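Chain by chain, the residues:
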Amino acid sequence: MPSTFRLLSIPQAAIIVALGVAASTSTFAQSQLQTQITPQMRSEARAVMQACRADYDRLCSDVAPGGGRILACLQSHAGQLTPACAQTLPRAQALRDGAVSAGVAPK
């Protein structure tokens, strides 16, 4: 069975990983999200996704996206992450916190 990352476009998967936004978000909510997430945030989210893709596939592929569950799963496996992924997780958490504060991601 393909992982969730493989079913989503790179920008969409990156946003889901870094910010924990549900993949089933309505079209209206997705357009609202796109207007509140800056290009820099998208770029940083993509970098996190690229750094953590193998770790996600290995450790968290059974976790449903949304609500920060993937980020929480990766954080719960901190000792098993590749160095590149482990180094990006603080930034991923900061991006998610910013999205929650802006009201574009669930608490």
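Data block above holds the structure.
Our subject in this report is the structure included herewith. For clarity, every value in this text was computed on a predicted model and none was experimentally measured.

1. Considering the overall build of the protein
Counting its secondary structure elements, the protein contains six helices and zero strands. Along the protein, helices (α) and strands (β) appear in the sequence α-α-α-α-α-α when read from the amino end. A burial count over the protein gives 41% of its 107 residues as buried. Pairs at least 24 apart in sequence give 61% of the contacts found in the protein among residues at least 6 apart.

2. Regarding helix 4 (residues 39–60)
Its 22 residues give helix 4 an end-to-end C-alpha distance of only 27 Å, which falls more than 12% under 32 Å, the value for a rise of 1.5 Å per residue. The axis of helix 4 is deflected most strongly, by about 55 degrees, at cysteine 52. Met41, Arg42, Glu44, Ala45, Val48, Met49, Ala51, Cys52, Asp55, Tyr56, Leu59 and Cys60 are the residues of helix 4 that are buried.

3. Here we look at the state of the cysteines
Scanning the model with the defined rule gives two disulfides in all. For cysteine 52, the disulfide goes to cysteine 85, at an S-S distance of 2.1 Å. Taking the torsion about the sulfur-sulfur bond, which here is approximately 100 degrees, the covalent link between cysteine 52 and cysteine 85 counts as right-handed. Taken together, the positions of cysteine 52 in helix 4 and cysteine 85 in helix 6 (residues 83–102) put the pair 33 residues apart, joining distant regions of the chain.

4. Re the packing of helix 4 against helix 6
Relative to each other, helix 4 and helix 6 sit at 140 degrees, their axes nearing to 9 Å. Classed by the angle they form, the pair helix 4 and helix 6 counts as oblique. Here helix 4 runs over helix 6; the crossing is left-handed. Facing Met41, Glu44, Ala45, Val48, Ala51, Cys52 and Asp55 of helix 4, the residues of helix 6 in contact are Ala84, Cys85, Thr88, Leu89, Arg91, Ala92 and Leu95. The residue inventory of the contact of helix 4 with helix 6, partitioned by class, reads 10 nonpolar, one polar and three charged.

5. Digging into the nonpolar core
Within the largest apolar cluster, 14 residues are counted, with the highest numbers of intra-cluster contacts made by Cys52, Cys60, Leu74, Leu81 and Leu89. Sorting the residues of this core by element identifies helix 4, helix 5 (69–76) and helix 6 as the ones contributing at least two each. Top contributing element to this core by residue count: helix 4, with five residues. In this structure, leucine 81 is in contact with Asp55, Arg58, Leu59, Leu74, Ala86 and Leu89, ignoring residues within four places of it in sequence.

6. What about the environment of alanine 47?
Inspection of the secondary structure puts alanine 47 in helix 4. Looking at alanine 47, the relative accessible area reads 40%, which means it is partly exposed. When the C-alpha atoms of alanine 47 and threonine 88 are compared, they prove to be 8.1 Å apart, with 41 residues separating the residues in sequence.

Conventions and cut-offs
- Residues numbered from 1 in each chain as written.
- Predicted model: local features only at pLDDT ≥ 70, side-chain atom pairs only at ≥ 80, totals over all residues.
- Heavy atoms only, no water.
- Helix = DSSP H or I, 4+ residues; strand = E, 2+ residues; numbered from the N terminus.
- Buried < 20%, exposed > 50% of the residue type's maximum accessible area, 1.4 Å probe, protein only.
- Contact = heavy atoms within 4.5 Å.
- Expected span 1.5 Å × (residues − 1).
- Bend = angle between axes of the 7 residues up to and from the residue.
- Disulfide = S-S within 2.5 Å.
- Axes fitted to C-alpha atoms, helices over the stretch in contact; angles between N-to-C directions.
- Parallel < 35°, antiparallel > 145°, perpendicular 65-115°, else oblique.
- Left-handed = near helix turned anticlockwise from the far one by under 90°.
- Nonpolar A, V, L, I, M, F, W, Y, C, P; charged D, E, K, R; others polar.
- Core = buried A, V, L, I, M, F, W, Y, C linked by side-chain atoms within 4.5 Å.

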